[in-house]
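The primary structure of each chain is shown beneath.
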Amino acid sequence: MSRLALVLNSGSSSVKFQLVDPDRDATEPPYASGLVERIGEDNGTIVLKFDGEKIEDVEPIADHADGLDKAFALMDAHGCGPHSVDIAAVGHRVVHGGKLFSGPELIDDQIVEMIRDLIPLAPLHNPANIVGIEVARQLLPEVPHVAVFDTGFFHDMPPAAALYPLDAAVAAEHNIRRYGFHGTSHEYVSRQVPGLLGKPAAEVNQITLHLGNGCSAAAVRGGQAVDTSMGLTPLAGLMMGTRTGDIDPGIIFHLYRQGLSIDEIDDLCNRRSGLKGVSGVNDFRVLQERMDNADQDAWAAYQMYVHQLRRYIGSYMLILGRLDAIAFTAGVGENHVGIRRDSMAALENFGIRIDPERNAAPNDGPRFISTEDSAVKVLVVPTNEELAIARYAMAYAA
Ligand code: AMP
């Protein structure tokens, strides 16, 4: 039996978990996975996927500790819990590492306090991450727990990219800077590209496009992130499923002065905008169905999405100077043929040429979608943040 890493992603009322064999092939499903949902409610739900089966348990879940305890019991009842398999390390996804963390950290009490210090930068996410860490450390005290930060990959971006042109004293006092998110995914994908190109990592300049429900772009030079589209928060950058991405910040003042509260504007920008705000739907598959039925709002949302994407691709080409590769990843980037085609359309003058057949061919693995003669290689590289976190965590296993 292989040694497994438990990967936890704790939200305010849910915990996603995966048991991962870090040595497995990235295309294989995890050993087990699941979700604890509606924590604090009477109809709490635990879903476990194991051995080709999906097991669902509905019962009241008092808090995170109760949820994880019940999830472990359900896993043990089916032969994949902490008493049945060898869990050698636990990896925790932590959203905000601020200026404090540039890479994964072995968790001790001091690290937990440092993550707590960063709560003002991620008031919704970091508290939930800390609860998950504390509960899991109590339930599995014998194994190393490792924090993997969504911001880590962007920690060392050049100041010109990382700093905002705000009053410097205010920016310093409130730790205002571009931190970037989805770092585990951009790092995981960008590390695969040089191997696929057959070049040393130090020689590859690339743009990675993480297009899921949340969307972000990164410019990566020789393995080092030099710019990214998300900022102090994950609201900035590309248009997303429900988030605006970049808008004129003056819109926020304007709406506030028109009588909307700050919480209403926050909700508007984070949960009622993006594809959903423009078209009514945030799921790209539903959006595509509506486009197929000539829904004008769906088309408008799609065209805005493509426009934003091209805007970032273009600016990152200039920032990198020489571009070797563009890599698409996440739910939309890996699966939506049209987004890849349309965002890369008519760029032959810039050395980018998509092969329509390669682009449309169904395939779950890393692959090229550019033509043989395309100067810039365009690829699809499936992301796997859980596997990346599992590998970081396992590095600390005894
Ligand atoms: P993620 O956040 O990476 O899970 O991506 C979620 C997004 O990917 C949603 O908008 C989905 O509609 C989209 N997505 C997932 N699978 C497909 C697919 N086969 N075709 C188009 N979009 C997809």
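Here the structure is a predicted model, which is why all the values come from computation and not from measurement.

Definitions and cut-offs
- Residues numbered from 1 in each chain as written.
- Predicted model: local features only at pLDDT ≥ 70, side-chain atom pairs only at ≥ 80, totals over all residues.
- Heavy atoms only, no water.
- Buried < 20%, exposed > 50% of the residue type's maximum accessible area, 1.4 Å probe, protein only.
- Helix = DSSP H or I, 4+ residues; strand = E, 2+ residues; numbered from the N terminus.
- Pairing = 2+ DSSP bridges.
- Phe/Tyr/Trp six-rings, centres within 6.5 Å; stacked < 30°, edge-to-face > 60°.

Trainee: Give a description of the pairing of strand 6 (residues 87–94) that names residues and reports values.
Mentor: Burial runs high along strand 6: seven of the eight residues are buried. Pairing between strand 1 (residues 4–10) and strand 6: five bridges, direction parallel. Looking across to strand 6, one finds that Leu 4 is bridged to Ile 87. With five bridges joining them, strand 6 and strand 8 (residues 145–149) adopt parallel strand pairing. Bridged to Val 94 within strand 8 is Phe 149.

Trainee: Residues and numbers for the sheet that holds strand 4 (residues 45–50), please.
Mentor: Spatial ordering of the open sheet is given by 5-4-3-2-1-6-8-7, a layout of eight strands whose pairing is mixed. Only two strands of the sheet have a single neighbouring strand rather than two, namely strand 5 (53–58) and strand 7 (105–106).

Trainee: Provide a residue-level description of the packing of aromatic side chains, including the pertinent values.
Mentor: Here the structure, examined in full by the defined rule, presents seven aromatic pairs. Between the aromatic rings of Phe 101 and Phe 149, the centroid separation amounts to 4.2 Å while the plane-to-plane angle is 5 degrees, which identifies the pairing as stacked. Taken together, the residues Phe 101 in the loop between strand 6 and strand 7 and Phe 149 in strand 8 connect sequence positions 48 residues apart. Of the residues examined, Phe 149 reaches a relative accessible area of 4% and is grouped as buried.

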